[in-house]
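Now for the letters of each chain:
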Amino acid sequence: MINERSVGEKIFNIANIIFMTFLVFLTVYPFWNVFITSISPVGEANAYSLHLYTLNPTFEGYQKIARNAYLLVAYRNTILRTVVGTAVNVFLSCLVAYPLSKKYLPLRNLWTGLIVFTMFFSGGLIPSYLLMESLGLIGSFWALILPGAIGTYNMIIVRNYFQSLPADIEESARIDGASEMRVLLQIVLPISVSIIATISLWYAVGHWNAWFDAMIYTSSDNLMVLQLLLRKMVIEGSAQYMESSGSIAENAEFTVTPDTIKTSAIIVATVPIMCVYPFVQKYFMKGIMVGSLKG
Amino acid sequence: MDQKKAAVHKPQKATLGRMIWKHRALMLMLLVGLVYYIIFHYGPMYGIQIAFKDYKFRKGIWGSSWVGFHWFIRMFSGQNFAVVFRNTVLISLYKLIAGFPAPIIFALLLNDLGGKWFKKTVQTVSYLPHFLSWVILGGIFLQILSPSTGAVNYVIKLFGGEPIYFLGDPRWFRSTMVILSVWKGFGWGSIIYLATISGIDPGLYEAATIDGANRFQQALHITLPSITPIISIMFIMNSGSIINDDFDQIFNLYNENVYRVGDVISTYVYRQGLIEMKYSYTTAVGVFKNVISFAIILLTNFITSKFSEYGIW
């Protein structure tokens, strides 16, 4: 009887391992396929195959997009909006979360209600666009920063965290005459580093992946962000954005297919996230747990 | 009488005023945030009125003339909105049916997986797609699902099948969206269940082992009942998003050939609104959607809180 049972469990274990390995394959394979395509020579890149490996790796696709003037600008803008945007997000989130975390804040429930309501109801696309137009933010870099300056969900997570801190730490400082701002900056923030790291990562990923705001609020190539450029290259297949700014003679040196350029661009946009992701994963998970337990 | 009223009300007002003055530092910090919410969240809500107006750029939001429910009547009498509404609900429904159980099954199987390192790797890999934008994933799947060079069709042909145009064939588009959405979300969605499972008292399993229960029986009689409350709450919350579509996914993967089955409310509003400039009409569509969505959220919140009261605590 016991023997039979353990045989059944062994079979299940093996089946489970096989199934999980298959899942890992299903998740990783699309990225692998694109990576191999990006380093395959012309004949292989657009061939009908699984693109599991290539015997003659070439980096011409990468050389080609390295000369793409749009890419450099787009990369710069994405890094800029991620840094500036995340800084604004985190600063404002903490600034608003702090008073909301205080039980003695006058009309606290009213303010909280006004803010939480916006999570569930919004004006919609066109009214938002008209607002940006009337504020004169169309075509401005700040159109990528200001509309989402506070992520309400993230702000509430911070508020919950502040609320859970023991009150007596702050009390002693207040008796010594410290102002609220000093209590926030010198006492509360230093002991909230982990939650701030968590929301910073959320905000940063949001900025890195954003493209829709850039698409509707900006039209200049100078404000192009990485994801939007990628969309124009790989989804719309726009030749203007795919071609490098190099001269015809320069372009003739390379013999690459659109597939190679597209896949190289995908890899270039994905690699930063892939590199950072394994190290910061625990912070992401922490955030979702804090949010789901108390939110 | 008046004097009495004043006597009652005066101290109250003074108290609130005094409280605000006393906590002026806090109020000032809050004010910065309130200004943001008033401009960027309540500002667009002010613009909702153009759903009931004939918006003209020259006249502005306030100056445009009222037309009552004109745009809503047009919305319900036209063919397009019905199609788009149907697509939205159908795709969400399919995603709920396929996408809801996936993280639960994954969490249960992962929990039973031996080998710490292997387990950790599977977990890490499964979360990855969640962090990538649909622009990147769209680009990747356009490659892989291509009928002429894609890997998936290569395999289909290998087994003697005909190539399928997953993203261009109306018969396949919705299923493809559902599968890709499950692919992107199953790992990340499992976190909440894994955390709940890890919080189960190990004593329960020990007692069950002594009583001779095998691992399947333990999963069935300990793990599953322990996560049932969270499953129910997640189900109610997820079903609340039945009218919310995934703009990023559809917009990066659809094309004119599949509008008939794949065009959803948000993509429709974008095209009709910002491209065709039908501002008032699309605002009406947006308002209709937001009101339904809000009503569903209120309902599901009500059910969840009722449920939590009786079910968990």
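Rules used throughout
- Residues numbered from 1 in each chain as written.
- Chains lettered and ligands numbered in written order.
- Predicted model: local features only at pLDDT ≥ 70, side-chain atom pairs only at ≥ 80, totals over all residues.
- Heavy atoms only, no water.
- Core = buried A, V, L, I, M, F, W, Y, C linked by side-chain atoms within 4.5 Å.
- Buried < 20%, exposed > 50% of the residue type's maximum accessible area, 1.4 Å probe, protein only.
- Helix = DSSP H or I, 4+ residues; strand = E, 2+ residues; numbered from the N terminus.
- Contact = heavy atoms within 4.5 Å.
- Salt bridge = Lys/Arg side-chain N within 4 Å of Asp/Glu carboxyl O.
- Polar contact = N/O pair within 3.5 Å; in protein donor to acceptor, adjacent residues only side chain to side chain.
- Domains from an automatic or database assignment.
- Buried area = accessible area lost by both parts, 1.4 Å probe.
- Nonpolar A, V, L, I, M, F, W, Y, C, P; charged D, E, K, R; others polar.
- 1 Å grid on protein atoms, 1.4 Å probe; cavity = no way out; pocket = protein on both sides within 12 Å on 5 of 7 lines; lining within 4 Å.
- Points joined across faces, edges and corners; volume = space filled by probe spheres on them.

**Concerning the nonpolar core**
Phase 1 of the analysis: With 154 residues, the main nonpolar core has M155, F162 and M233 of chain A together with Y193 of chain B as its most contacted residues.
Phase 2 of the analysis: Among the elements that line this core, the one with the most residues is helix α15 (residues 258-294) of chain A, at eleven residues.
Phase 3 of the analysis: If we skip the residues at most four places from it in the chain, F162 of chain A touches C94, A97, Y98, S101, L184, V188, L189 and S192 of chain A.
Phase 4 of the analysis: By size, the runner-up hydrophobic cluster in this structure holds 18 residues, among which are I48, F81, V84 and V285 of chain B.

**Let's talk about the interface of chain B and chain A**
Phase 1 of the analysis: Between chain B and chain A, the residue contacts involve 89 residues of the former and 94 residues of the latter.
Phase 2 of the analysis: Remark: the boundary between chain B and chain A carries one salt bridge.
Phase 3 of the analysis: With a closest N to O distance of 3.6 Å, E9 of chain A and R215 of chain B form a salt bridge.
Phase 4 of the analysis: The interface formed by chain B and chain A contains 19 residue pairs in polar contact (both at pLDDT 80 or more).

**Things to note about the domain arrangement of chain A**
All names here are of chain A.
Phase 1 of the analysis: Domain boundaries assigned for chain A yield domain 1 (1-58) and domain 2 (68-295).
Phase 2 of the analysis: Inter-centroid distance (C-alpha atoms) of domain 1 to domain 2 is 34 Å.
Phase 3 of the analysis: Each partner contributes to the interface: domain 1 provides nine residues, whereas domain 2 provides ten residues.
Phase 4 of the analysis: Taking both partners together, domain 1 and domain 2 bury about 740 Å²; carbon and sulfur atoms supply 77% of that area.
Phase 5 of the analysis: Considering only the side of domain 1, the residues that lose the most area to domain 2 are V34, S38 and V42, jointly responsible for 53% of the buried surface there.
Phase 6 of the analysis: At the surface where domain 1 touches domain 2, the tally comes to zero salt bridges.
Phase 7 of the analysis: Ranked by residue count, the leading element in the side of domain 1 that touches domain 2 is helix α1 (residues 2-38), at five residues.
Phase 8 of the analysis: Residues of the side of domain 1 that touches domain 2, tallied by class, amount to five nonpolar, four polar and no charged.

**Regarding the environment of G115 of chain B**
Phase 1 of the analysis: Mapped onto the secondary structure, G115 of chain B falls in the loop between α6 (101-111) and α7 (116-127).
Phase 2 of the analysis: Distance from G115 of chain B to G161 of chain B, taken between C-alpha atoms, is 39 Å for residues 46 residues apart in sequence.

**Looking at empty space enclosed by the protein**
Phase 1 of the analysis: Applying the stated rule across the entire model yields one cavity of 30 Å³ or more.
Phase 2 of the analysis: If you go around the largest cavity, the residues you meet are N33, T37, A45 and H51 of chain A together with Q143, I144, T149, G150 and A151 of chain B.

**Concerning the pattern of salt bridges**
Residue and element names in this part refer to chain A.
Phase 1 of the analysis: If you walk through the whole model with that rule in mind, you get eleven salt bridges over all chains.
Phase 2 of the analysis: As a salt-bridge pair, R231 and E236 come within 3.3 Å of each other at their nearest N and O atoms.
Phase 3 of the analysis: Looking at E236, the relative accessible area reads 43%, which means it is partly exposed.
Phase 4 of the analysis: Within this structure, K102, E170, E171, R174 and E180 form a network of salt bridges that share partners.

**Topic: the domain arrangement of chain B**
All names here are of chain B.
Phase 1 of the analysis: What the domain assignment reports for chain B is domain 1 (2-66) and domain 2 (70-311).
Phase 2 of the analysis: One C-alpha centre belongs to domain 1, the other to domain 2; they are set 38 Å apart.
Phase 3 of the analysis: Taken together, the contact pairs eight residues of domain 1 with seven residues of domain 2.
Phase 4 of the analysis: Our count for the domain 1 to domain 2 interface comes out at zero salt bridges.
Phase 5 of the analysis: Here domain 1 is connected to domain 2 by four residue pairs in polar contact (both at pLDDT 80 or more).
Phase 6 of the analysis: In the side of domain 1 that touches domain 2, the residues fall into five nonpolar, one polar and two charged.

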